[in-house]
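Structural overview
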Amino acid sequence: MKRKLNSYFELEKLNTTVKREILAGFTTFISMAYILFVNPSVLGASGMNEGAVFTATALASALGCILMGVLARYPIATAPALGINAFFAYSVCIGMGIRWETALAGVFVASLIFILITIFKLREMIIDAIPSDLKYAISGGIGLFIAFLGLSEGGIIVANKSTLVGLGSMSVGTTWLTVFGLIVTAILMVRRVPGGIFIGMVATTLLGLATGLIHAPTQIISAAPSLKPTFLVALKHIKDINTLQLWVVVLTFLLVTFFDTAGTLVGLANQAGFMKDNKMPRVGKALASDSTAMLAGSLLGTSPVGAYVESSAGIAVGGRSGLTAITTGIFFIFGLFFSPLLSVVTSQVTAPALIVVGVLMAQSLRQIKWDQLEIAIPSFLILIGMPLTYSISDGIALGFIFYPITMIAAKRGKEVSPIMYALFFVFIGFMWILNVK
C-alpha cells in the first residue's frame, strides 16, 4: 500500500512522506474546520435548516477534497466559500426577497455552467492567460488577506469607528491566547521545527483549555443531523429561475466563485512551487474537481464550494500531494460525528497559523517587477484590494481592470492578451452588477 501511494502521488519526487501528508491534511482540516459551524449559521439566516446545512457542508467539503486529491493530486482543500455564502443569505435571500430554495437552484445552474466551461477548457485558458506578475500579486494578496483574517479573528485587530481598524484590547484573555500562539508558532517556524504550525495550534488549544478560555466539550461523539430538509431541493426549483434578476444572481454566483477559486489555486500553487512556465500543471483536473463539488453541494444543500486559502497551512507544514487533500476530506467525514470535539478549535487557535502562513505567501511579492509602474500599479491594487475589500475576487477585479489601462499607457498594449482585454470588460460589468441598486 505504501509503495502504491508513493508511486501514484509521487511522494519521493515531491520530497514528502505519507506521515507528513497526513499531518498536513489534518492541519488543513483544523484550520478550516470552522466552516462546519460558520456556514450553517450564515445560511440559517436565509431560513435553511442549520442541521441539514451542517451535514451538507461536511459532505460537500469531503467530496471536493477527495476529488482534488485523487484527480488533480494537489494538497488543496475545498469547502463552501466564505463571502459567497453571505451573498447567498443576506443579499439574495434577505435583500432581494428570494426564497432559499430558488437561490439553491441558482447555485445548481451556475455549477452546470461551471462544468461546461471547464470541459471546454475556458477556465484553464483564462488562468494560463494571467500574466506571471499578476499571479504573484494574487498569491501575495491572499497572504495579506488570510493574515488580516487571522489578526481580526484573534482579536489583535478590531473595528474602529474613527480609523476603520485599530489595535485590539490587550485586556481580553482570548487576545493573549492568540499572541501566545503566534509567539510559539513563530519560534518553531524560525527554528525550522517540522510541523511547527500544527504544534503551535496544539499548544494554543492546551493553554486555552487549562485557563478556561476554551471550554472543554461536554461530549465527544454525536449523530450527524438529517440532510432531508435540503437534499435535492435545488432540482425541484430550477423552474423558478425565470427572471432577469435571478439570472443576474446565477451570473454573480458564477463570477465570484470562478475568480475566488482561480485566485486561490494560483496563490497556493505558487506557495507550493507547482507553477511551471507561468502555468499550473493539471489545472483542468483541479477545476473539474471543484466544479463537481459545487454541483454536489447544491444538490446536498449548501452555497457554492471552492478552493480554500487555509490549505496554505497544510502546504506550510509540508503537504505537497493529493494525499493531503484526501486526508482533509476524510477528517470532514469524521467531523460529522465528532462535532462537539471540534468546538475546541476556536478562532484564537487557527489565527496564529493564518498569520504565519500569510508571511510565507507574501514571499512571492519579490518576483513582481516593481520598477515597472504599468505592472506595479495593478499588482499593488490586487495586493491591497483583497484584505481591504475582504474579498479575493474584488481584489482581482481591481487589478485586472487597471492592467490593460496601465499597459496601454506604457505603449505596451500589444503585450496584453485578448483574454485579459475581455476580462477588463467582464470585471467592469461584474462591479456594476454588484454595486448598482
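Refer to the structure printed above.
Worth saying up front: this structure is predicted, and the values here are computed from it rather than measured.

Counting its regular elements, the protein contains 19 helices and four strands. Taken over C-alpha atoms, the radius of gyration comes to 21 Å for the protein, in line with the 22 Å a tight globule of 437 residues would show. If you line up the protein on its principal axes, its C-alpha atoms span 60 × 60 × 55 Å. Among the 437 residues that make up the protein, the fraction classed as buried is 56%. A sequence separation of at least 24 residues applies to 80% of the contacts in the protein between residues at least 6 apart. Working note: accessible area of the protein is about 18400 Å², and carbon and sulfur atoms make up 68% of it. Across the protein, the centroid of the 28 positively charged side chains sits 6 Å from that of the 18 negatively charged ones.

Overall, the coordinates contain eight aromatic pairs when judged by the stated rule. When the centroid spacing of 6.4 Å and the interplanar angle of 65° are considered together, the rings of phenylalanine 331 and phenylalanine 334 count as edge-to-face. In this pair, phenylalanine 331 and phenylalanine 334 are both assigned in helix H15 (residues 322–335), three residues apart and thus about one turn of the helix distant. The partly exposed category is assigned to phenylalanine 334, whose relative accessible area is 45%. Here the aromatic cluster, defined as three or more aromatic residues joined through ring pairs, consists of Phe26, Phe29, Phe331, Phe332 and Phe334. Positioned above the aromatic ring of tyrosine 8, the side-chain terminus of arginine 73 is 5.7 Å from the ring centre. Sitting over the face of the ring of tyrosine 74, arginine 282 holds its NZ or CZ atom 4.5 Å from the ring centroid.

Relative to the assigned elements, leucine 360 resides in helix H16 (residues 347–362). Each C-alpha atom, one on leucine 360 and one on glycine 141, is 12 Å from the other, the two residues being 219 residues apart in sequence. Not counting the four nearest positions on each side in its chain, leucine 360 is found in contact with Met189 and Ala316.

Reading guide: rules and limits
- Residues numbered from 1 in each chain as written.
- Predicted model: local features only at pLDDT ≥ 70, side-chain atom pairs only at ≥ 80, totals over all residues.
- Heavy atoms only, no water.
- Helix = DSSP H or I, 4+ residues; strand = E, 2+ residues; numbered from the N terminus.
- Rg over C-alpha atoms; globule rule 2.2 N^0.38 Å.
- Buried < 20%, exposed > 50% of the residue type's maximum accessible area, 1.4 Å probe, protein only.
- Contact = heavy atoms within 4.5 Å.
- Areas by Shrake-Rupley, 256 points an atom, 1.4 Å probe, with all protein chains shown as cover.
- Lys, Arg positive; Asp, Glu negative; His and termini not counted.
- Charge placed at Lys NZ, Arg CZ, Asp CG, Glu CD.
- Phe/Tyr/Trp six-rings, centres within 6.5 Å; stacked < 30°, edge-to-face > 60°.
- Lys NZ or Arg CZ within 6 Å of the ring centre and 35° of its normal.

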